[in-house]
Amino acid sequence: MPSPTREDTAAGSRRADDGGVESRDRETRGDGRDLVCALEMELTNRSLSNKMDCVSCDDLLNRNCANSAEVSVPLSPMGKRATHMEGDDLCRLIDRKFLIEDKKRLCALALGTALVGILLMIIHAEICPYVYEPGSKVSLVINCSISLSTGCLLILIIAFHYKDIRLFIIDHKEVDWRIAITSHRVLVVTLELLVCVIHPVGSYWEVDLYANSSSAAPLCISSHHDKALLDMELLLSMLMFLRLYLVHRAILLHSKVLLSASYRSIGSLNNINFTFRFVLKVLMNKHPARTLLVFILLFWLTASWTLTLCERRTEALATSRMDTALWLIAITFLTVGYGDVAPKTSCGKGVCLFTGVMGVACTAMLVAIVTEKLALNKGEKHVHFFMMDSQISKRIRHAAANVLRECWLLHRANLAKGRRDEHRRHQRCLLEAIRVFRHLRLKQRKLRDYVSEMVDLPKMQMIMCDLSANWNNSYRELEQRILFMEQKLDELTRCFQQTSELLSEVLRHRNPEIR
């Protein structure tokens, strides 16, 4: 074997050094990977602890609504463990869900408390003349219950707006709560508190009960007190019905439109605000008759009782009874107005005026609903107009046959040279047949024009799509034919070239002198 040279020895030593360096690099990279894995595990443990702290801070464990195992190990879309920011987003989503549930619960409780207060006010106005005694405990209990329900209602309203502010803070990624306190929000909260704080606070004084037991129940206000006190008590009782504004909030928060994720996602793409107006439109489109009927009945009952309350301090016994007031409200709402019963007080006249305005609006909506229910849909319209067109076509054929018959009869009468009366009769019949024929042709033309106007936009779009598809197919076929013709022309050109070459070779063989 040849002995290794100095160059071979140096190359081997360099390879050994390189191998040692590469092994050290591998060990260093292995240590680096271990360090990175250790750091990732540490960050993961910290993120898990932060998530668990977030869940415990928001009382999720106390609510028994979230499982710590489900929240503590979320996965990102790439299959890695979630970061601390993703854990915060998850906590915000969970907090937002619970805040919406709290708002729904508080709104339902506020509406129930408002209805209880209105019911106690009605009981107070109805039974106080019959259970009246100086220092009666019944009146004191009713007044205290109304005041207590009013206080609870104010607390619920404040709690509702507190939850609303917290929801605003979560939606805007933990901004300062003072940003949510805008002038509009302060005005709305102030107006709601002013509306909900209204309730009758009058005491019971000595009254002279009416001797006639068949008379209507008077208000529980003494006759020797100032008239302004009586008007104030009446006004406060009527203004308690303003608490019914909570109905629209309860309908909005408990509607399936707001709770449906598909509604919210599609609405956000189309910039739709889910307000009570939108929910009311949805209800009127889905259940128009039911919604309008419930509103009309509740309005009649409320307006009738308010009218009886207004008319009790007068000597008019008719309008102070519930049945007569309900009759007056019904005929005023329907804009009939027989005139047999009329309000006597300014308050009663105002109630009747408001009832008439609401009646006009509801009657217009009722007419629109009935018209929509009685209208034919597209399929029914097409069937109906097709049958009408076929019937008119049949009548046109009969009218044309009548014209031909009358022409033949008139011609025969002219050839017979008979009486002129018969000739004039056939002329009149011919003119009448021509008039009927023209009238039917005009009617058919109008019907077809109306049917052509009924073609809806989706149908026209489908027709245009079909036409464009046919045009595209024709264009492709034309392109294919043109390409085929080009190929044939190329083949013919090559054939002509080959033929010319063969002819030139043949001529050269026969006449060698030709070049």
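Thresholds, definitions, all that
- Residues numbered from 1 in each chain as written.
- Predicted model: local features only at pLDDT ≥ 70, side-chain atom pairs only at ≥ 80, totals over all residues.
- Heavy atoms only, no water.
- Patch = residues over 30% accessible without salt bridge, like charges linked within 9 Å, V, L, I, M, F, W, Y side chains within 5 Å.
- Areas by Shrake-Rupley, 256 points an atom, 1.4 Å probe, with all protein chains shown as cover.
- Salt bridge = Lys/Arg side-chain N within 4 Å of Asp/Glu carboxyl O.
- Helix = DSSP H or I, 4+ residues; strand = E, 2+ residues; numbered from the N terminus.
- Buried < 20%, exposed > 50% of the residue type's maximum accessible area, 1.4 Å probe, protein only.
- Disulfide = S-S within 2.5 Å.
- UniProt positions renumbered as here; feature names shortened; annotations may be inferred.
- Phe/Tyr/Trp six-rings, centres within 6.5 Å; stacked < 30°, edge-to-face > 60°.

Side note on a nonpolar patch on the surface
Taken together, the side chains of Met 460, Ile 463, Met 464, Leu 467 and Trp 471 make up a nonpolar region of the molecular surface, amounting to roughly 490 Å² of accessible area. Here Trp 471 is to be found in helix H18 (residues 457–510). Residue Trp 471 is classed as exposed on the basis of its relative accessible area, which comes to 57%.

Some details on the state of the cysteines
Counting across every chain of the model gives 1 disulfide. Sulfur-sulfur distance for the disulfide between Cys 310 and Cys 347 comes to 2.1 Å. Taken as a pair, Cys 310 in helix H13 (residues 288–311) and Cys 347 in helix H15 (residues 346–374) lie far apart in primary sequence, 37 residues in all. Taken individually, Cys 310 and Cys 347 each receive the classification buried, so the pair is uniform in this respect.

Brief notes about the UniProt feature "transmembrane region" (unreviewed entry) in the chain
Mapped onto this numbering, the UniProt entry gives "transmembrane region" (unreviewed entry) at residues 106–132, 138–162, 183–205, 228–246, 292–310, 322–339 and 351–371. Along residues 322–339 the backbone is 67% helical and 0% strand, and the end-to-end C-alpha distance reaches 18 Å.

Comments concerning the packing of aromatic side chains
Taken as a whole, this structure holds 6 aromatic pairs when the rule is applied. With a centroid separation of 6.1 Å and 25 degrees between ring planes, the pair formed by Phe 295 and Phe 299 is classed as stacked. Of this pair, Phe 295 and Phe 299 both sit in helix H13, 4 residues apart, roughly one helical turn. Ring geometry for Phe 299 and Phe 354: centres 5.8 Å apart, planes at 55 degrees, overall tilted. Taken as a pair, Phe 299 in helix H13 and Phe 354 in helix H15 lie far apart in primary sequence, 55 residues in all.

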